[in-house]
Amino acid sequence: MAKIAMLLPNLEIMEAVSYAANLYHLTVCSVAIVNRSNIQHCVSQALADGADIIIARGSHAEIIRSLAHIPVVEIRITSLEIGNMLKTARDMTGMDCPAIALTGPENMFAYIDTDSFNHLFGVRLKVYLFQKVEEMTATAKKAVEDGADLVIGGSAVCEYCRSVSVPYLKTVSGRESALEACRLASQLSEALDIEKQNAASLKMLLDYTYSGIIHIDKYGRILQVNRFVETLLMMESSAMIQMPVWRIIPGITKKMLDYVLQKQKKLHSAAILINQSEFLISLSPILVDGNTAGAIISFYEGRPVAIGNEEMKKELIRQGHVAKMKFDNLISRNPAMQDTVRQARHFASFQFPILIVGESGTEKQPLAECIHNESAFHDTPFIRLNCSCCSDEEFEKMLFGKPGETESPGLVYRGPCTLYLSRIERLSLHMQYQILNLLQGAPYPSGFLSGQATPNRIRVIASSRQNLLSLAEKGVFLRDLYYNLSAMTLSVPPLRERPEDIAAWTDVYMREFQEAYGRYIKLTKDALKVLQSYSWPGNIIELRMVCSRILINASHYYIDASEAESYLDCPAGQTAEDFLPAAASGARKSGRPHLEDQVCGPAAEIIAALRRCGGSREQTARELNISTSTLWRKMKKYRIDKNEGKGKFSS
């Protein structure tokens, strides 16, 4: 049963409330007559006595509510009691229809129907309510100035009226208001008892679950933890209550909490480190009427990140398998690129595979390195594998080692790492199956698991220049692998759509080369505009090359627009797509002139020769009387598709 404290202003009210409390079988633990000088001490004593509910009246109730963290039930003078006081007041004045002023705190009275009281008791009632105790005398003065024949109020009101010779009547709380207050206290007591039972049952449930549970408020402060958390952190729950959760568990960042508490989104399976062990956590917001009231954080232990052969890990790092780029160094002044970077930061908290899609030369690998350095794998090797450069045998050996050999295990057995697979669209179907098995935890190829080797967790980040779903629909990419990779997808916009980033990367590269070579070159504003108007088919890789070309070949300090344009592979204002067959096809559809009508000179000559030779570079080189390597360089220079002419017949 909930315990009740009665903190009341006088003995008369105390007797009435004690009588009512006895009728409702309330458990009273603390009783005190309070005034403004002792109220704080009385509240502290009531809390020390274990009070769950406090019964109080008027302005005292407001003060007590600010001091205590438990419910306060207010005694409100009922309509019947107000009627009795009005009858007494009219009789005291001896008038037929006296003007009666009723004063008191805003929380002192129940509903007051002035018209009904005037009609029933033959008075002219006017109500004067105040908020603070200091306003009592001023309220009485206002009532007298308004012409009240009698004023009803508390002690201070009565004293003022006596000093100015105005009739007065002290407000009275009788048994009816005491009974109503105790009835409310009884109902609240039952509700608190049920809440205590539910809380005890919930605590028992939480303490015996095998997951950690933390309840936080809307500000991220801890309200409750279960025994799992106490044992894990070696702290009593009392020491954690009201502490910001990120101070107790640094892996739970403010960014995570903002995502859940501010955006009201659920966060699933984020990976954090606690005492060198990896935990997967989920955060779910608690919503009340659409507003965030807090969140529940649940987490369970995953596999330790530090497992694996430490010497093998060090050897991989010594070999250069490290990620250098961090988010703070990644240029993203363009809004679209900033959105991609923000999303990448969010994805870094998870250990699911990530797919990065973008044109050749965009910041796919730098993004992958940033994600690695921001994740729980930040102190493990970062392994780059270009899927277009290896045969199936070489690729399988790098991943799983040689069958039956223990001295040279593959990456899967060397310990945790991030595996970055660039150009994943170039993988054969056989190796796609192997990567799919790696992601799904399926058995590895027969014969590769040797001795006591145990496969370790690998974080996979893949990048592609093509739409993998389109490739899957054509049957050249596994749908299951696409679905496993695409849960977290990042799209890197091309550099031509980011003029702000073109300027920023140019500044970075020019500074880098100037420091390296001791040459100082400055681009004019017009020169920079030329670079920003260029299409950059090679994106930042091509931009870096052009910056180095400018620094090496420039003969004077300032580079103007015309000179900057001379270092580009195609004229500014004319996009590289204008030199590609695909662009020609698009031009034909849009009614623009055909490619062969636009392109003249060496590019047109090479395209025509490729088409006559069915796309064979050897035959084309012989026809043009150049070497195949020279043909290849020219094709790259003029952005001619490597498949140009294949499948076409000469006219």
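Fair warning: this is a prediction, and the values are worked out from it, not measured in the lab. What you see as residue numbers is a count from 1 along each chain, following the sequence as written. In keeping with the predicted nature of the model, local features appear solely for residues at pLDDT of at least 70, side-chain atom pairs appear and are counted solely at 80 or more, and the whole-chain, interface and lining totals rest on all residues. Hydrogens and water are ignored here; the side-chain numbers use all heavy atoms of the structure.

(A) The arrangement of the packing of aromatic side chains in detail. The criterion for an aromatic pair is that two Phe, Tyr or Trp rings (for Trp, the six-membered ring) have centres within 6.5 Å, with stacked assigned to planes under 30 degrees apart, edge-to-face to planes over 60 apart and tilted to the rest. Under the defined criterion, the tally for this structure stands at six aromatic pairs. Pairing Trp505 with Tyr509 gives two aromatic rings, centres 5.5 Å apart and planes at 20°, and the pair type is stacked. Within this pair, Trp505 and its partner Tyr509 are both found in helix 20 (residues 499–517), separated by four residues, close to a single helical turn. In this text, helices come from DSSP runs of H or I with a minimum length of four residues, and strands from runs of E with a minimum of two, each type numbered from the N-terminal end.

(B) Local environment of the environment of Ile248. Turning to its location among the elements, Ile248 is positioned in helix 11 (residues 245–248). For the pair Ile248 and Leu233, spaced 15 residues apart in sequence, the C-alpha separation works out to 8.3 Å. We call two residues in contact whenever any of their non-hydrogen atoms come within 4.5 Å of each other. With residues near it in sequence (within four places) discarded, Ile248 still touches Ile222, Leu233, Met235, Met240 and Met243.

(C) Broad picture of the layout of surface pockets. Reported here for the second largest pocket is a volume of approximately 690 Å³. With a 1 Å grid laid over protein atoms only, a set of points is called a cavity when a 1.4 Å probe fits there but cannot get out and a pocket when it is open yet has protein on both sides within 12 Å along at least five of seven lines; lining residues have an atom within 4 Å of a point. Lining the second largest pocket are 22 residues, with Thr253, Lys255, Arg345, His346 and Ser349 sitting closest to its centre. Every element with two or more residues in the lining of the second largest pocket is listed here: helix 12 (254–262), strand 11 (267–274) and helix 14 (335–347). Ranked by residue count, the leading element in the lining of the second largest pocket is helix 14, at five residues. Only Asp, Glu, Lys and Arg are considered charged in this grouping, and only Ala, Val, Leu, Ile, Met, Phe, Trp, Tyr, Cys and Pro are considered nonpolar; every other residue, Gly among them, is considered polar. For the lining of the second largest pocket, the per-class residue count stands at eight nonpolar, seven polar and seven charged. Grid points are joined across faces, edges and corners, and a volume is the space filled by probe spheres set on the points.

(D) Spatial organisation of the sheet that holds strand 17 (residues 458–464). The strand order 15-16-17-14-18 describes an open sheet built from five strands, whose pairing is parallel. Edge positions in the open sheet fall to strand 15 (382–386) and strand 18 (489–492), since each of these has one partner strand only. Averaged over all pairs of adjacent strands, the angle between strand axes in this sheet comes to 20°, irrespective of strand direction. Pairing of strand 14 (residues 354–358) with strand 17, which is carried by four bridges, proceeds in the parallel orientation. Following the sheet pairing, Ile356 is matched in strand 17 by Ser463. Strands pair, by our definition, only if DSSP identifies at least two bridges between them. The angle between two axes is taken between their N-to-C directions and runs from 0 to 180 degrees, where each axis is a line fitted to C-alpha atoms and a helix contributes only its stretch in contact.

(E) Examining helix 22 (residues 539–553) more closely. Multiplying one less than the number of residues by 1.5 Å gives the expected span of a helix. For helix 22, built from 15 residues, the straight-helix expectation of 21 Å at 1.5 Å per residue is met to within 8% by its first-to-last C-alpha distance of 21 Å. The cut-offs for exposure are 20% and 50% of the maximum accessible area for each residue type, with area from a 1.4 Å probe on protein chains only; residues under the lower value are buried, those over the upper are exposed, and the others partly exposed. Buried within helix 22 we find Asn539, Ile540, Glu542, Leu543, Val546, Cys547, Ile550 and Leu551. Of the surrounding secondary structure, the elements contacted by the buried residues of helix 22 are helix 20, strand 19 (522–523) and strand 20 (558–559).

(F) Highlighting the environment of Leu478. Structurally, Leu478 can be placed in the loop between helix 18 (468–473) and helix 19 (479–485). Accessibility expressed as a relative area gives 13% for Leu478, which makes it buried. Considering only alpha carbons, one finds Leu478 and Leu429, 49 residues apart in sequence, at a separation of 7.1 Å.

(G) Structural view of a positive patch on the surface. Only residues whose relative accessible area exceeds 30% and that form no salt bridge are eligible for patches; like-charged ones are grouped when within 9 Å, while nonpolar side chains (Val, Leu, Ile, Met, Phe, Trp, Tyr) are grouped when within 5 Å. The Shrake-Rupley method, run with a 1.4 Å probe sphere, supplies the accessible areas, and residue values consider only the shown protein chains as cover. Salt bridge, as used here, is a side-chain nitrogen of Lys or Arg placed within 4 Å of a carboxyl oxygen of Asp or Glu. A residue counts as positive if it is Lys or Arg and as negative if it is Asp or Glu; His and the chain ends are not included. We put the charge of a Lys on NZ, of an Arg on CZ, of an Asp on CG and of a Glu on CD. On the surface, Arg426, Arg465, Lys642 and Lys646 cluster together into a positively charged patch. Checked against the element boundaries, Arg465 lands in the loop between strand 17 and helix 18.

(H) Just the pairing of strand 2 (residues 27–33), in detail. Where strand 1 (residues 3–8) and strand 2 come together, six bridges link them in parallel fashion. Bridge pairing links Ile4 to Val28 in strand 2. You can see the chain leave strand 1, run along helix 1 (residues 11–23) and come back into strand 2, and the turn it takes is right-handed. By convention a crossover is right-handed if, when the strands point away from the viewer, the path from the first strand over the helix to the second runs clockwise.

(I) Region of the structure containing a nonpolar patch on the surface. Together, Tyr520, Tyr557 and Tyr558 line one region of the surface with nonpolar side chains, adding up to about 380 Å² of accessible area. With respect to the helices and strands, the residue Tyr520 is situated in the loop between helix 20 and strand 19.

(J) Geometry of unusual backbone geometry. In this structure, His25 is a non-glycine residue whose phi angle is positive, near 55°. Within the element layout of this structure, His25 appears in the loop between helix 1 and strand 2. A relative accessible area of 64% places His25 in the exposed class. Phi is positive for Ser165, close to 60°, though the residue is something other than glycine. Mapped onto the elements, Ser165 comes out in the loop between helix 7 (155–163) and strand 8 (168–170). Given the relative accessible area of 66%, Ser165 is considered exposed.

(K) How the structure looks around the sheet that holds strand 1. If you trace the four strands from one edge of the open sheet to the other, you get 2-1-3-4, paired in parallel fashion. On the outer flanks of this sheet lie strand 2 and strand 4 (72–75), each paired with one strand and no other. For this sheet, the mean inter-axis angle between neighbouring strands, taken without regard to orientation, is 20°.

(L) Spotlight on the pattern of salt bridges. The final tally for this structure, using the stated rule, is 23 salt bridges. Linking Arg345 and Asp328 is a salt bridge whose minimum nitrogen-to-oxygen distance equals 3.4 Å. Of this pair, Arg345 sits in helix 14 while Asp328 sits in the loop between helix 13 (310–318) and helix 14; the two residues are 17 residues apart in sequence, bridging distant segments of the chain. On the basis of relative accessibility, which here comes to 23%, the residue Arg345 falls in the partly exposed class. Bridged by salt links that share partners, the residues Glu62, Arg65, Glu74 and Arg76 form one connected network.

(M) Structural view of the nonpolar core. For this analysis, a nonpolar core means a set of buried residues of the types Ala, Val, Leu, Ile, Met, Phe, Trp, Tyr and Cys, connected via side-chain atoms within 4.5 Å. Membership of the largest hydrophobic core comes to 74 residues, with the highest contact counts inside it found for Ile214, Ile216, Ile249, Ile252, Phe299 and Trp536. Non-local contacts of Ile216, meaning those with residues more than four positions away in its chain, are made with Arg221, Ile222, Leu223, Val245, Leu257, Leu261, Ala293, Gly294, Ala295 and Ile297. Membership of the second largest hydrophobic core comes to 28 residues, among which are Cys387, Met431, Ala462 and Leu478.

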